[in-house]
Structures are given as structure tokens and as C-alpha cells.
Amino acid sequence: MSRNTPTGEEEDMPTKGNFLGKDVVLRRHMVYSGEGEPISPYKWWERREKEMEGANQMAVTEYVLLGLHEHHNLEVVLFALCLGIYSMNVLGNSLLIGLNVLDPCLRSPMYFFLSNLSLIDICGTSSFVSLMLVNFLETQMTISFPGCALQMYLTLALGSTECLLLVVMAYDRYVAICRPLRYPELMSRQTCARMAALSWGTGFVNSLLHSTLTWSLPSCGHNVINHFFCEILAVLKLACGDVSFNVLLTMVATAVLTLAPLLLICLSYVFVLAAILRVPSAASRRKAFSTCSAHLTVVVVFYGTLSFMYFKPKAKDPNLDKIIALFYGAVTPSLNPIIYSLRNAE
């Protein structure tokens, strides 16, 4: 058979390396299936390009956030629960920052990084929870296009920054226990400021790259996001263009900014544990380990909930996945002040 006369099976295949969502494929069959002679993939592609050009002229001014639109009574319960958790998060982290600034005894590098972590937790949750609480009481949850873009940018940036900041805090504990005599030199005020600035800068640059590539994709007028907020994977599902590069970039960024920091944290604590075990006194070993316990607990909570959210089997009810993502973003940051407050009490 000639290459210019494709079979029906070949006609159904996406051409030119482009990825077509399921809804786009279905719409193509509705238009062309059973109507006259089969057209070649290339003619179909030209028609589809013209359709997309026309569709892209419909500018999306706002997005509809589905949330739990079929269970409004549950949204009212979530409003009360999330409001309490969010208030505790903002109050606890604000008090932690205030104490670290006002108390001269808490101006060590560890508490400097802790203040940065608390600021990330306040800004990260505020970027989506505040608007989400308002939408919980509405019959239809909506967000403007600029608001959605800003929300996605901030959640990505602050999430990446937190991963890098946890590595910096692990390095601080490594130097304090394994290199105590050089601690003032290696963890000077200037060095701490540079490491914090590098963490913030890397996170925000990474988010800018992802956001730019995501919003440059054609959406064809689709504006319904199946989530509580503008999460990047939910936004990518609106695209009717090729998202393979975006998915690949997301995987690479996850490996570099999430998995690599976890490996570095584990490596640092291997050296810390080896150094602690060499201490002859049991009391000294307990004291050395207690300086790491709060940070180690935060790391376990952060990566433990993150792993559960992304590596658990997919739930039959998609609403369950949305609720888990909601509590991961709202509950986990509120635990950090409690963990470090218990450490300070000791």
C-alpha cells in the first residue's frame, strides 16, 4: 500500500509528533468519521491548525475551579477546618519569626534558616488557601487569569525553595556536629545569607521557567480546572497542544529540586549519625542528636506526605486525591512551629 494512502488505523494516529488529548481525538472523529472519503493525516492536520488558531482567539479571562462542586455541604465543613488550620499556621509561624528576631539567644544560623522556612510556610499557604476559603462559600469557584497565573507561580516557587532550604538546614547541622571548631567560619552571617538567597532565587527562577512554558501552550478556550487551586498538572490538562516537553521538564525539575535534596539530606545525616556514635558519653550523644531531631522530623513529615500524595495508588474517587493535596498544602506547614517549639522547650 502506498504511503500516501493511509489506512483507517494510520489515520487515527497523531501526526508531526504532536500530543492530542482524548477530548480532541473524540471531536476529530465526530467531525470526520463516516463522512465521505477518508482524508490524509496531513490534510486533517491543516484543518485542525486552522481550528486551533480560531479557538485561541477566544481569550480566557477567568477559570472555574471545580473543587468539590457536587458536595457543597462538604465544602462548608472544609471551610471551617481549613480556616482553623490556616489561622494556626499563620499565627504559629509569625510568632516563631518574631521570637527569632527579638530574642538574641535565637540568632544562630539554625534559627535564621528556620525564620526563612516559616516565611515560606506563611506565603505558600496564603497563596492559595485565602482565596480558596472565599470560594468554599460560593456556588461557583472562580479565579481570574492573572490570579491563577500568580497562584501557580507562587506555589511552585515556594515549594521548590522549601526543598532547597531543608538541604541548607541539613548542612548547618552537619557542620555543627561534624565540624564544630570551624562552625563560626563555615556558617558566618554572610554565608548564611548567600545560601538563603540562592535557595529563594533558584526556586523562583525554576517557577518562572515552568510558568512561562505552561501559559504559552494553547488552551483553545478551556477554562475549567479540576482542582481547588491552580496546580500546574491540573492547568496542563487544559492545553490542546503538545505538552510532552512540559512533562519532561517537570520530571527533570522534580529530580533536581526534590529528589537530589533528599539524597543530600540523607547523606548529611549519615555523617552526623556516624559522628554521634563516636561520642563516648551517652548524655553527650543525646544532646548532639537533640539538636538535629526537630529538623529531621520536619524532613520526614515533608517528604513523607509528599511521597504519599504522589506515589500512592490512584484513588477511584478523584475527589479524594484533591482533598489529600489540599491537606498536604495546608496542614504540613502548620506542623513546623509545633515541632520547633517542642525542641525549644527541651
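Quick caveat: nothing in here was measured; it's all calculated off a predicted structure.

We now examine the overall build of the chain. Within the chain one finds 12 helices and three strands. The proportion of buried residues among the 346 residues of the chain is 45%. Sequence-distant contacts in the chain: of pairs separated by 6 or more residues, those separated by 24 or more amount to 78%. Of the roughly 19,000 Å² of accessible surface on the chain, a fraction of 67% belongs to carbon and sulfur atoms.

Counting 46 residues, the largest nonpolar core has Phe 113, Leu 166, Ile 265, Val 272 and Tyr 303 as the members making the most contacts within it. Those elements that provide at least two residues to this core are helix H5 (109-136), helix H6 (145-178), helix H8 (189-215), helix H10 (244-277), helix H11 (282-311) and helix H12 (318-345). For Leu 166, the contacting residues outside a window of four places in its chain are Leu 117, Ile 265, His 295, Val 298, Val 299, Phe 302 and Tyr 303. Within the second largest apolar cluster, 32 residues are counted, among which are Leu 65, Leu 68, Leu 156 and Leu 217.

On to the pattern of salt bridges. Where charged atoms of side chains with opposite charge meet at close range, the side chains can pair. Under the counting rule described, the total for this entry stands at two salt bridges. Measuring nitrogen to oxygen at the nearest pair gives 3.3 Å for the salt bridge that ties Glu 185 to Arg 182.

Using the residue numbers shown here, the UniProt feature "transmembrane region" (unreviewed entry) corresponds to residues 76-99, 111-137, 149-171, 192-209, 247-276, 288-311 and 323-342. End-to-end, the C-alpha atoms of residues 149-171 are 34 Å apart, and along that stretch the chain is 100% helix and 0% strand.

Moving on, we get to the packing of aromatic side chains. Applying the stated criterion across every chain yields a total of 12 aromatic pairs. Centroid distance Phe 145 to Trp 215: 5.2 Å. Interplanar angle 75°. Geometry classified as edge-to-face. Of the two residues, Phe 145 is situated in helix H6 and Trp 215 in helix H8; the sequence distance between them amounts to 70 residues. Since its relative accessible area comes to 30%, Phe 145 is described here as partly exposed. Taking the centre distance of 5.8 Å and the plane angle of 70° together, the rings of Tyr 153 and Phe 204 count as edge-to-face. Of this pair, Tyr 153 sits in helix H6 while Phe 204 sits in helix H8, and the two are 51 residues apart along the sequence. The partly exposed category is assigned to Phe 204, whose relative accessible area is 23%. Members of the aromatic cluster, each reached through a chain of ring pairs, are Tyr 63, Phe 145 and Trp 215.

By the alternation rule, side chains of strand S2 (residues 141-144) split into Met 141 and Ile 143, which are all buried, and Thr 142 and Ser 144, of which none is buried. Two strands pair when backbone bridges link them, and strand S1 (residues 62-65) and S2 are joined in this way by four bridges, in the antiparallel orientation. Bridge pairing in S2 places Leu 65 opposite Met 141.

Turning to the state of the cysteines, a few remarks are in order. In a disulfide, the sulfur atoms of two cysteines are covalently bonded to one another. For the coordinates displayed, the defined rule picks out one disulfide. The disulfide partner of Cys 148 is Cys 230, and the gap between their sulfur atoms is 2.0 Å. Since a negative S-S torsion denotes a left-handed disulfide, the Cys 148-Cys 230 link at about -125° is left-handed. Here the residue Cys 148 occupies a position in helix H6, and Cys 230 occupies one in the loop between strand S3 (224-225) and helix H9 (232-236), the gap between them amounting to 82 residues. There is no split in this pair, since Cys 148 and Cys 230 are both buried. No disulfide involves Cys 178; its sulfur sits 8.5 Å from that of Cys 292, the nearest cysteine. Take Cys 292: its relative accessible area is 1%, and that puts it in the buried class.

The next thing to look at is the packing of H5 against H8. For the pair H5 and H8, the least separation of the axes is 10 Å and the interaxial angle reads 20°. When the interaxial angle is binned, H5 and H8 end up roughly parallel. When you trace H5 past H8, the crossing you get is right-handed. Residues Pro 109, Phe 112, Phe 113, Asn 116, Leu 119 and Ile 120 of H5 touch H8, and the partners they reach there are Cys 192, Ala 193, Met 195, Ala 196 and Trp 200. Here the contact of H5 with H8 is composed, by residue class, of 10 nonpolar, one polar and no charged.

Here is what the cut-offs are and how they apply
- Residues numbered from 1 in each chain as written.
- Predicted model: local features only at pLDDT ≥ 70, side-chain atom pairs only at ≥ 80, totals over all residues.
- Heavy atoms only, no water.
- Helix = DSSP H or I, 4+ residues; strand = E, 2+ residues; numbered from the N terminus.
- Buried < 20%, exposed > 50% of the residue type's maximum accessible area, 1.4 Å probe, protein only.
- Contact = heavy atoms within 4.5 Å.
- Areas by Shrake-Rupley, 256 points an atom, 1.4 Å probe, with all protein chains shown as cover.
- Core = buried A, V, L, I, M, F, W, Y, C linked by side-chain atoms within 4.5 Å.
- Salt bridge = Lys/Arg side-chain N within 4 Å of Asp/Glu carboxyl O.
- UniProt positions renumbered as here; feature names shortened; annotations may be inferred.
- Phe/Tyr/Trp six-rings, centres within 6.5 Å; stacked < 30°, edge-to-face > 60°.
- Pairing = 2+ DSSP bridges.
- Disulfide = S-S within 2.5 Å.
- Axes fitted to C-alpha atoms, helices over the stretch in contact; angles between N-to-C directions.
- Parallel < 35°, antiparallel > 145°, perpendicular 65-115°, else oblique.
- Left-handed = near helix turned anticlockwise from the far one by under 90°.
- Nonpolar A, V, L, I, M, F, W, Y, C, P; charged D, E, K, R; others polar.

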